[in-house]
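# Coordinate inspection notes
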Amino acid sequence: MNSAVATPIDVKLMNMTTLVLGLAFVVLGAVAMARWVSRLPAFDIKGILVTGDVNHNNSVTLRANVAPRINGTFFTVDLSRVRAAFESVPWVRRAVVRRDFPNRLRVELQEHQPVAYWGSDGNVRLVNSYGEVFEANVGEVEQDMLPRLNGPEGQAAEALAMYRSLADMFEQMSLPVEEVDLSSGGSWRVLLDTGAAIEMGRGSTEVVSARAQRFLKTLTQVTARYGRQPGAVESADLRHENGYAIRLRGVTTVVADGTKK
């Protein structure tokens, strides 16, 4: 019988090294080829299709403003940078960017939907339906009347939630809410379109809403005692534990000096 001759260890190592080096060259060659192909002029971005919300931004203008900021080909373009470029445009809240082979991009836009103003007259911004503050030309707001929200920075979502909780209750009494203010100390105040100021006090949306319900439930009865309608409320303070203070137009408990005895 012939016995098999064992392959020396150094030969095995040489063969393995040759195989690894061969595979490495193949991989490097493939990478180099892929890079070369990805940079061919045929894959330069030739067009951008913009869909979605374009109520405040013309798609042609969008492409003209964003295209110069886009670098690379279909394969190399940085989609996150393209998205950021579109989202930097006023009114654009979110952009979803996809590649469209072989040389186009598809961009779907979501615009901010303004539901309120935010801030003082000197620095008015807008609040969208998600409670996010954004900057845009307020003159482009299509709605005739939006409420105004005020409060510390970062509290717009809480102010919007409070407005949404209170607005329907006051609307049922024909007392539309015009403004909701949150002080730095956490106290809420509501201004009605009648000019009335309602001090709501501190607390969560649920706590303040319950306080408002108790106030509105008895408001008609209280104003009727003085021959007035709820719209005659000039101010009210709901921060009292077991009741509220109220001031009505044309009604006073102050005795004129000439009638004092």
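Definitions and limits used
Residues numbered from 1 in each chain as written. Predicted model: local features only at pLDDT ≥ 70, side-chain atom pairs only at ≥ 80, totals over all residues. Heavy atoms only, no water. Pairing = 2+ DSSP bridges. Helix = DSSP H or I, 4+ residues; strand = E, 2+ residues; numbered from the N terminus. Axes fitted to C-alpha atoms, helices over the stretch in contact; angles between N-to-C directions. pLDDT = per-residue confidence, 0-100. Contact = heavy atoms within 4.5 Å. Salt bridge = Lys/Arg side-chain N within 4 Å of Asp/Glu carboxyl O. Buried < 20%, exposed > 50% of the residue type's maximum accessible area, 1.4 Å probe, protein only.

Ordered in space as β1-β3-β2, the 3 strands form an open sheet in which the pairing is mixed. The outermost strands of the open sheet, each flanked by one partner alone, are β1 (47–52) and β2 (92–100). For this sheet, the mean angle separating the axes of adjacent strands, direction not counted, is 25°. In this sheet, strand β3 (residues 104–111) lies alongside β1 in parallel orientation, the contact comprising 6 bridges.

Interpretation of the predicted coordinates at a detailed level should be avoided for regions scoring low in pLDDT. Averaged over all residues, the pLDDT of the chain equals 86, while 83% of them reach at least 70. Below pLDDT 50 for its whole length, residues 254–261 participates in 1 contact with residues either more than four positions away or in separate chains.

So, on to the pattern of salt bridges. All told, the structure shown has 6 salt bridges when counted by the stated rule. In this structure, the salt-bridge partner of Glu 153 is Arg 125, at a minimum N-O distance of 2.6 Å. Highlighted residues: Glu 153 in the loop between β7 (148–150) and α4 (156–171) and Arg 125 in strand β5 (residues 125–128), separated in sequence by 28 residues. On the accessibility criterion, Glu 153 (57% relative accessible area) is exposed. In this structure Arg 125 comes out as buried when scored by relative accessible area, which is 15%.

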